[in-house]
Amino acid sequence: MPGLLDTTNRRLLDEFQRDLPLQSQPFMAVGDALGIAEGEVLARLRALLAIGMITRVGATVRPNTVGVSTLAAMAVPDHRIEEVATIVGEERGVNHSYLREDEWNLWFVATAPAADGLKASLDRIAQRSGLSVLDLPLIRPFNIDLGFRLSGPRQSATNSRIPDATVIRATDRPLIQAMTDGMPLTPRPFAQIGARTGQSGKVVIERLRTLQAAGIFTRIGVIVRHRAIGWLSNAMVVWELPDEKIEQAGPLLARVPGVTLCYQRRTVPGQWPFGLFSMIHARSRPEAMSILNTAAALPELAGARHRVLFSTRCFKQTGALVHREGEA
């Protein structure tokens, strides 16, 4: 097989992080666009998956449309990092877990089908580790779509759309879970998902189109591990602002090229005063700091105290938990 980041693979990762064709043989359509056979598309994706450059081909779900989620943090002593990261990672609903440069150094996203399950997961982590868990639920998204082109100039993010959760049916939940876990890398993946969820492949495609149009999915496509493909300097930058100023600054911060995520989260008095969160993905620290300097120059952020938390290690990156077998 050609080099893992040759021109074709770069196009595959650039052009299909979103808008994967929702048709019976999606990888044939991808191959037609790239000028290669369906079998080669599948072989390339399997190879990228095997070495960890991608986590899956599937969907990312807009937070709190199906199930619930939160961002959490812990202040872990250096000698306990491995132990506590393992405790966190053993929770099925934890789908992202990172070590960052800060006193609050272990950050993770916890997901669950319902609020009681999410609380139980955070409680188990606190009990098993003997450490406090900072719970920072989402208040308002400004950009929650991490898919961005890996080549060419950095682009501004578009505003996050308002989802229509009324379209979701009870029978959609196992389908959505299958898509967040990752599609089978086979010629007819939707038929295979349908066989597992008790639906025809045609119905699966129709439901996915409906859910995508309603904004339940932020994207359907190739989910990339950015660190594994050279984006090594990724920073969470948090800003301390009053709520009314966050509402003004958030949409503008989200549109700064290189700012890849942006949202408002709950603060915790006396522990965490930063309500505006943003992510910067870059190839180097100087590049990341240049993006940050552009963001900090926004008049709406003038004088705002901020903190930069560079990621140093990824412990876990999977799809969200939105459904458990046997649950309604």
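Caption draft 1: Spatial organisation of the overall build of the chain. Along its length, the chain carries 10 helices and 11 strands. A compact globule built from 328 residues would reach a C-alpha radius of gyration of about 20 Å, and the chain, at 20 Å, matches this within 12%. Across its three principal directions, the C-alpha atoms of the chain cover 55 × 45 × 40 Å. Burial analysis of the chain (328 residues in total) assigns 53% to the buried set.

Caption draft 2: Fine view of the sheet that holds strand β3 (residues 94-100). One open sheet holds the nine strands; their spatial order is β5-β2-β4-β3-β11-β8-β10-β9-β6, and the pairing between them is antiparallel. Pairing within the sheet leaves two strands with one partner each, and these edge strands are β5 (134-136) and β6 (138-143). The sheet shows a mean angle of 30 degrees between the axes of neighbouring strands, taken without regard to direction.

Caption draft 3: Structural context of the packing of helix α6 (residues 172-181) against helix α7 (residues 189-197). Axis separation between α6 and α7 bottoms out at 10 Å; the angle between their running directions is 135 degrees. In terms of orientation, α6 and α7 fall into the oblique class. Between α6 and α7 the crossing geometry is right-handed. From α6, Pro174, Leu175, Ala178 and Met179 reach across to α7, where they touch Phe190, Ile193, Arg196 and Thr197. For the contact of α6 with α7, the class distribution of residues is six nonpolar, one polar and one charged.

Caption draft 4: Here's a closer look at unusual backbone geometry. Its identity is not glycine, yet Asp19 carries a phi of approximately 60 degrees, on the positive side. You can see Asp19 is positioned in the loop between α1 (7-15) and α2 (26-34). In this model, Asn64 sits at a positive phi of 65 degrees, which is unusual for a non-glycine residue. By secondary structure assignment, the location of Asn64 is in the loop between β1 (54-61) and β2 (68-74).

Caption draft 5: Structural detail: the pairing of strand β11 (residues 305-317). The sheet contact formed by β3 and β11 spans five bridges and is antiparallel. Bridge pairing in β11 links Arg100 to Ser311. Where strand β8 (residues 233-240) meets β11, six bridges bridge the pair, whose relative direction is antiparallel. If you follow Glu240 over to β11, its bridge partner there is Arg305.

Caption draft 6: Up close: the pattern of salt bridges. Inspection of every chain in the model, using the stated rule, returns 16 salt bridges. Because the salt bridges share partners, they merge into one network encompassing Asp6, Glu40 and Arg44.

Caption draft 7: The arrangement of the packing of α6 against helix α8 (residues 201-213) in detail. Close contact between α6 and α8 brings their axes to 11 Å; oriented N to C, the two are set at 85 degrees. The angle between α6 and α8 falls in the class roughly perpendicular. Residues Asp172, Leu175, Ile176 and Met179 of α6 touch α8, and the partners they reach there are Val204, Arg207, Leu208 and Leu211. Considering only residue class, the contact of α6 with α8 consists of six nonpolar, no polar and two charged.

Caption draft 8: Local environment of the environment of Arg161. For Arg161, the position within the fold is in the loop between β6 and α6. A sequence separation of 158 residues divides Arg161 from Gly319, and the C-alpha atoms of the two residues are 21 Å apart. With residues up to four places along the chain from it excluded, the contact list for Arg161 reads Arg62, Gln212, Ala213, Ala214 and Gly215.

Caption draft 9: The packing of aromatic side chains, seen in detail. Summed over the entire model, instances satisfying the criterion amount to six aromatic pairs. Seen from the ring of Phe310, Arg285 lies directly overhead, with NZ or CZ sitting 4.0 Å from the centre.

Caption draft 10: Examining the nonpolar core more closely. Counting 44 residues, the largest nonpolar core has Phe27, Leu45, Val57, Met179 and Phe190 as the members making the most contacts within it. Within the residue set of this core, elements represented by two or more residues are α1, α2, α3 (38-50), β1, α6, α7, α8 and β7 (217-224). Those residues within four positions of Met179 in sequence are excluded, and the remaining contacts are Arg56, Gly58, Ala59, Phe190, Ile193, Leu208 and Ile220. By size, the runner-up hydrophobic cluster in this structure holds 23 residues, among which are Val237, Leu253, Ala254 and Ala295.

How each quantity is defined
Residues numbered from 1 in each chain as written. Predicted model: local features only at pLDDT ≥ 70, side-chain atom pairs only at ≥ 80, totals over all residues. Heavy atoms only, no water. Helix = DSSP H or I, 4+ residues; strand = E, 2+ residues; numbered from the N terminus. Rg over C-alpha atoms; globule rule 2.2 N^0.38 Å. Buried < 20%, exposed > 50% of the residue type's maximum accessible area, 1.4 Å probe, protein only. Pairing = 2+ DSSP bridges. Axes fitted to C-alpha atoms, helices over the stretch in contact; angles between N-to-C directions. Parallel < 35°, antiparallel > 145°, perpendicular 65-115°, else oblique. Left-handed = near helix turned anticlockwise from the far one by under 90°. Contact = heavy atoms within 4.5 Å. Nonpolar A, V, L, I, M, F, W, Y, C, P; charged D, E, K, R; others polar. Salt bridge = Lys/Arg side-chain N within 4 Å of Asp/Glu carboxyl O. Phe/Tyr/Trp six-rings, centres within 6.5 Å; stacked < 30°, edge-to-face > 60°. Lys NZ or Arg CZ within 6 Å of the ring centre and 35° of its normal. Core = buried A, V, L, I, M, F, W, Y, C linked by side-chain atoms within 4.5 Å.

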